[in-house]
Amino acid sequence: MADGTGTADTMRIMIVEDNEALAQTTGWLVEMIGYEYKLAADAKQAIATYADYRPHVFMIDIGLPGMNGYDLCRELKSRPDLANAIFIAQTGWGESEHRRLTQEAGFDHHLVKPLYLETLETVLAEIAAAR
C-alpha cells in the first residue's frame, strides 16, 4: 500500500524523516496497521509532493535538515488545502519543553522515538475514527 496505492478511503500518511532506515521502518509499521504512506526525506520534498499525494496525516521529524519540523508544521498548517490534516511530531525529544514547542508549532500529537507499534496503532486509530 505504500506510495499512494490502496482504496480511496484508506488514510494516507506522509512520513517526513531524514533517516532513511527509520523512515522506511515507520512506513512499514503504518502499512502493517493498514494505512498508506509516502516518504519525504526533508521539508522541501514534503512541500513539493504533498499536493499530489493528499495526505490526511503528516508524521514529521523535528530535527530535519534545512527547515526543521516545527517550521514545516507551521508552513503546512498555513495552507488552506490542509485545513483538516493532522500533524504528528515524531522526535527523540520528549521533555515537557519539547512537547510545549510542538504544541505551539501546531502539532496535534507528540510521539517520542523509537515509535512502538501499539502507540502508533492507537494514535492512528483515533485519527481514523475521527475522520
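Predicted model, so just to flag it, every value in this text is computed and none were measured.

## Brief notes about the side chain of D61
Part 1 of the argument: As for its position among the elements, D61 is in strand β3 (residues 57-61).
Part 2 of the argument: A distance of 3.4 Å separates the side chain of D61 from the backbone nitrogen of G63, its partner in a polar contact.
Part 3 of the argument: A distance of 3.0 Å separates polar atoms of two side chains, one belonging to D61 and the other to K113.

## Digging into helix α5 (residues 117-130)
Part 1 of the argument: The end-to-end C-alpha distance of α5, which contains 14 residues, comes to 20 Å, matching closely the 20 Å that a straight helix rising 1.5 Å per residue would cover.
Part 2 of the argument: All of the buried residues in α5 are L120, V123, L124 and I127. The buried residues of α5 occupy an angular sector of 90° when projected down its axis, which confines them to one face. In α5, the exposed residues that point more than 90 degrees away from the buried face are E118 and A129.
Part 3 of the argument: Contacts made by the buried residues of α5 are with β1 (12-16), α1 (20-33), β3, β4 (86-91) and β5 (109-112).

## Considering the confidence of the model for the protein chain
Part 1 of the argument: Overall, the prediction assigns the protein chain a mean pLDDT of 92, with 94% of residues at 70 or greater.
Part 2 of the argument: Here residues 1-8 is a poorly scored stretch, pLDDT under 50, and it has 18 contacts once near neighbours within four places are set aside; other chains count.

## Thoughts on unusual backbone geometry
Part 1 of the argument: The amide bond that connects K113 to the next residue, P114, takes the cis arrangement and shows omega of 5°.
Part 2 of the argument: If you trace the backbone, P114 turns up in the loop between β5 and α5.
Part 3 of the argument: Backbone geometry places R54, a non-glycine residue, at a positive phi of 55°.
Part 4 of the argument: Mapping R54 onto the fold places it in the loop between α2 (43-53) and β3.
Part 5 of the argument: The class of R54 is exposed, set by a relative accessible area of 52%.

Conventions we followed
Residues numbered from 1 in each chain as written. Predicted model: local features only at pLDDT ≥ 70, side-chain atom pairs only at ≥ 80, totals over all residues. Heavy atoms only, no water. Helix = DSSP H or I, 4+ residues; strand = E, 2+ residues; numbered from the N terminus. Polar contact = N/O pair within 3.5 Å; in protein donor to acceptor, adjacent residues only side chain to side chain. Expected span 1.5 Å × (residues − 1). Buried < 20%, exposed > 50% of the residue type's maximum accessible area, 1.4 Å probe, protein only. Arc of directions from axis to C-beta. Contact = heavy atoms within 4.5 Å. pLDDT = per-residue confidence, 0-100.

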